[in-house]
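Listed here are the chains, written in short residue letters.
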Amino acid sequence: MKSFSKNAILLFILLTTSHLYWSCKEQAKNQQTTGVTEKIDVLPSFNEGTSKTDIITFVETISDSTSNSFVKPEDRIACFDNDGTLWVEQPLPSQIFFVFERIKSLAKDHPEWANEMPFKAVIEDDLETIKTLHTGDILKLVGTAQASENVDQFDSVVTDWLATAKHPVMKKPYLELVYQPMLELLDYLRAHQFKIYIVSGGSQEFMRAWAPEVYGIPKEQIIGSTFKREVIIQGDSITITQNTEFDFNDDHEGKVLAISKFIGKKPILIGGNSDGDLEMMQYCDTNNPLPHLLIYVNHTDSDREFLYDEHTAMGTLKKGMDVALRRGWTIIDMKTEWNKVYPNE
């Protein structure tokens, strides 16, 4: 058997070690270079453009501790409307379709509704009459649909409906009609330590049943319109009931009151889509010492979604658009700035 000298063995070890060292160094260099050149697109469903630039510039700047515009994490509050901002709201807000189905389901125990408006119009699918209903009639329908002997059990009523219901125009489950670009925006804000609230005109209990799972926003950060409640005490047990009497309208000035009452500080970012969101945007923009970004989603895409105009029954953006243009707020053009509208598109 051929033997090797001690020097030969040492030389072999030296060469092998040297090769491993330079290989590891080159690999590390390549990884470092890759990390510099490969940039993650945090908002991939946004096309490159003004809105995407506005959002990223704002978030990165207020998160930079070396910037004069730095905002402490505890002050990074964002508020979003829901209908038309985070998910579809045409031809009627999705909750209204839930209300109609709920009324029909309850009607079997209320034969008197067959001759009582506004219930009669819903039971008969009389759309022409439904279009003429006054606000009081709509609130009566919503309140009746959401009345509950135990509020804690109402979630299942909503989630059961969502499990089978489909949008009358899009023919898809409602939870597939959330806006993918806005889901990405919510994730992006969370990654930068924002605390996110929903402040919307929709029913608070309806949104709280499904929005936490879909948006990643906990129930206690979802604020909406409410109906009156009552505490029922039986022995050592307490339940909360909800009746049909309207309590608080979380729209227009109501959104300002909700932010002041339930959040306690001005947001630095607000997202909306209609004149109903204008007041909370103006409130954020009034004497706010912190940098802030105000975003309007403008529904301009009749092919993939719905085209809003001055005749749109829900979600009209007229006065808000005038103010936004004058104040230099960010306006997202859905048709040109979103390359994707829905998650499964």
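Relevant structure appears above.
K.L.:
Explain unusual backbone geometry residue by residue, including any values.
P.N.:
For the bond running from Q90 to P91, omega is 0 degrees, close enough to zero to count as cis. One can find P91 in the loop between β1 (77-80) and α3 (94-106). Positioned with a positive phi, K171 is a non-glycine residue whose angle comes to about 60 degrees. Of note, K171 is situated in the loop between α7 (154-164) and α8 (180-191). In this structure K171 comes out as exposed when scored by relative accessible area, which is 58%. The phi dihedral of H252 falls on the positive side, at around 50 degrees, and the residue is not glycine. Inspection of the secondary structure puts H252 in the loop between β4 (237-248) and α10 (253-263).

K.L.:
I'd like to hear about the pairing of β1, residue by residue, with values.
P.N.:
Side chains I77 and C79 of β1 all project onto a buried face; the interleaved residues A78 and F80 project onto the opposite face, where all are buried too. Bridge analysis of β1 against strand β2 (residues 195-203) gives four bridges, and the strand direction is parallel. Paired with A78 across the two strands is I196, which belongs to β2. In the sheet, β1 pairs with strand β5 (residues 269-272) via three bridges, with the strands oriented parallel. Opposite F80, over in β5, you have G271 as the bridge partner.

Conventions used here
Residues numbered from 1 in each chain as written. Predicted model: local features only at pLDDT ≥ 70, side-chain atom pairs only at ≥ 80, totals over all residues. Heavy atoms only, no water. Helix = DSSP H or I, 4+ residues; strand = E, 2+ residues; numbered from the N terminus. Buried < 20%, exposed > 50% of the residue type's maximum accessible area, 1.4 Å probe, protein only. Pairing = 2+ DSSP bridges.

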